[in-house]
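# Chains, contacts and geometry: an overview
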Amino acid sequence: MLAINGVEAAYAESTVLNELDLSVADGQVVCVMGRNGVGKTTLLKVIMGLLVPRRGTLVFDGTDITRLPPYERARLGIGYAPQGREIFPSLTVLQNLVVGARRKRPTPESMDYVLSLFPALSRMLGKRGGDLSGGQQQQLAIARALISDPTLLLLDEPTEGIQPSIVHEIAAVLERIKREGRRSILLVEQYLEFARSICDRFYVMEKGGVVLEGDRNAFHVDRVSAFLSV
Ligand SMILES: Nc1ncnc2c1ncn2[C@@H]1O[C@H](COP(=O)(O)OP(=O)(O)OP(=O)(O)O)[C@@H](O)[C@H]1O
Ligand SMILES: [Mg+2]
């Protein structure tokens, strides 16, 4: 469903992604790991269209999206929950969700669906985003990314700074999405046990490229963590 080939991306003169290849198959959960600053978030920005690569191609469901703007990628079915969540603090939970919808208003079905995934949010629709806990904001960010019914969900470190009980809730939601089989997930994750428990395939990045990849049964925590330790 997503094929990234030979991508090179840079901020001004500093090259961050180099000759990067990665693919995500239909219905798969793919985890990307790597030390701080190796380019994981940059990779997701390139997929979402927030940064245009200098070289290489991205093909999504048979369409070359390399030069498409973010809103067109969203329309094609890519949803994004950014690192740090980027919830609008002065908007309510409901308003944050509406902002995430592709059309002017989310459909009742999509609203019911995300609230069934995150029942806690349905009890705080009128609350300001800024008054939510970090874990609740993360759930809201994922819900907002899902409300336009994407077929590829990009998640950037959803467990970062989140209390364990909410990490479990998020894991259960991702498991449910995986069982439903209608979407793929590309998950950037530093918490290795969480990544291993959910992924079908994994990639480890170093200096803007892939240094280790494999499917779930090749995911050995010791081997992966050797690439992550400083
Ligand atoms: N907007 C920007 N302008 C210039 N350089 C940037 C920008 N954003 C990131 N960088 C640099 O690009 C490199 C890769 O950053 P990126 O955020 O993609 O890393 P990351 O793997 O997501 O790190 P982390 O684990 O800390 O989230 C880093 O050296 C970072 O300092
Ligand atoms: Mg990052």
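Read on for a plain summary of the structure. Each chain has its residues counted from 1, running along the sequence as written. Chain letters start at A and ligand numbers start at 1, both assigned in the order the entries are written. Per-residue local features are limited, in this predicted model, to residues with pLDDT of at least 70; the limit for side-chain atom pairs, both in listing and counting, is 80 or more; totals at the level of whole chains, interfaces and linings are taken over all residues. Note that the side-chain values use all heavy atoms of the structure and ignore hydrogens as well as water.

Numbering of helices and strands runs from the N terminus; a helix is a DSSP stretch of H or I covering at least four residues, while a strand is a stretch of E covering at least two. Scanning the protein for helices and strands turns up 9 helices and 10 strands. Think of it in three bands: with a 1.4 Å probe and only protein chains considered, a residue is buried below 20% of the maximum accessible area for its type, exposed above 50%, and partly exposed in between. When the 230 residues of the protein are sorted by exposure, 51% land in the buried category. Contacts in the protein between residues far apart in sequence, at least 24 positions, make up 68% of those at least 6 positions apart. Note on areas: Shrake-Rupley, 1.4 Å probe, and residue coverage restricted to the protein chains presented here. For the protein, the accessible area works out to roughly 10,400 Å², and carbon and sulfur atoms hold 50% of it. Charged residues are defined narrowly, with Lys and Arg counted positive, Asp and Glu counted negative, and His plus the chain ends left uncounted. Positions of charges follow a simple convention, taking NZ of Lys, CZ of Arg, CG of Asp or CD of Glu. Distance between charge centroids for the protein: 5 Å, based on 27 positive and 26 negative side chains. Contacts between residues were defined by any pair of non-hydrogen atoms, one from each residue, lying within 4.5 Å.

Spatially, 4 strands are ordered 2-1-4-5 in an open sheet, and the strand pairing comes out antiparallel. The open sheet is flanked by strand 2 (14–24) and strand 5 (63–64), the only strands paired with a single partner. Relative to strand 5, strand 4 (residues 55–60) runs antiparallel, the two being bridged by 2 bridges. Bridge pairing links Phe 60 to Thr 63 in strand 5. Lying on the sheet, helix 1 (residues 40–48) is in contact with strand 1 (2–11), strand 2 and strand 4; it crosses strand 1 at an angle near 115°. For two strands to pair, DSSP has to find at least two bridges joining them. Comment: axis = line fitted to C-alpha atoms, over the contacting stretch for helices; angle = value between 0 and 180 degrees taken between N-to-C directions.

Reference values for angles at a metal are 109.5 degrees in the four-donor tetrahedral case and 90 or 180 degrees in the six-donor octahedral case. In this listing, donors mean N, O and S atoms no farther than 2.8 Å from the metal, or 3.2 Å for Na, K and Ca; water is missing from the atoms, so a site can look incomplete. Protein ligation of the magnesium ion (ligand 2) involves Thr 41 (OG1) and Gln 83 (OE1), the donor distances falling in the range 2.0 to 2.2 Å. On the criterion of sequence distance, the pair formed by Thr 41 in helix 1 and Gln 83 in the loop between strand 6 (78–81) and helix 3 (93–100) is long-range, its members being 42 residues apart. Overall, the relative accessible area of 22% leaves Thr 41 in the partly exposed class. With relative accessibility at 28%, the residue Gln 83 sits in the partly exposed group.

Computed from the structure, the largest pocket encloses a volume of approximately 500 Å³. Only protein atoms enter the 1 Å grid used here, on which a cavity is any set of points holding a 1.4 Å probe that cannot leave and a pocket is any open set flanked by protein within 12 Å on both sides along at least five of seven lines; residues with an atom within 4 Å of a point are listed as lining. Around the largest pocket, the lining comprises 20 residues; the ones closest to its centre are Met 48, Tyr 80, Val 99, Gly 100 and Arg 144. Those elements that place two or more of their residues in the lining of the largest pocket are helix 2 (70–76), strand 6, helix 3 and helix 6 (134–146). Grid points are joined across faces, edges and corners, and a volume is the space filled by probe spheres set on the points.

Further remarks concern the pairing of strand 7 (residues 152–156). Of all 5 residues making up strand 7, 5 are buried, and the element is well covered by its neighbours. By the alternation rule, side chains of strand 7 split into Leu 152, Leu 154 and Asp 156 and Leu 153 and Leu 155, which are all buried. For strand 6 and strand 7, the ladder comprises 4 bridges, and the chain directions are parallel. By the bridge assignment for strand 7, Ala 81 is matched with Leu 155. Taken together, the 5 bridges between strand 7 and strand 8 (residues 184–188) define a ladder with parallel strand orientation. Looking at the pairing, Asp 156 lines up with Val 188 of strand 8. Crossover handedness is defined by viewing with both strands directed away from the observer: a clockwise path from the first strand over the helix to the second marks the crossover as right-handed. Running through helix 7 (residues 164–180), the crossover from strand 7 to the neighbouring parallel element strand 8 is right-handed.

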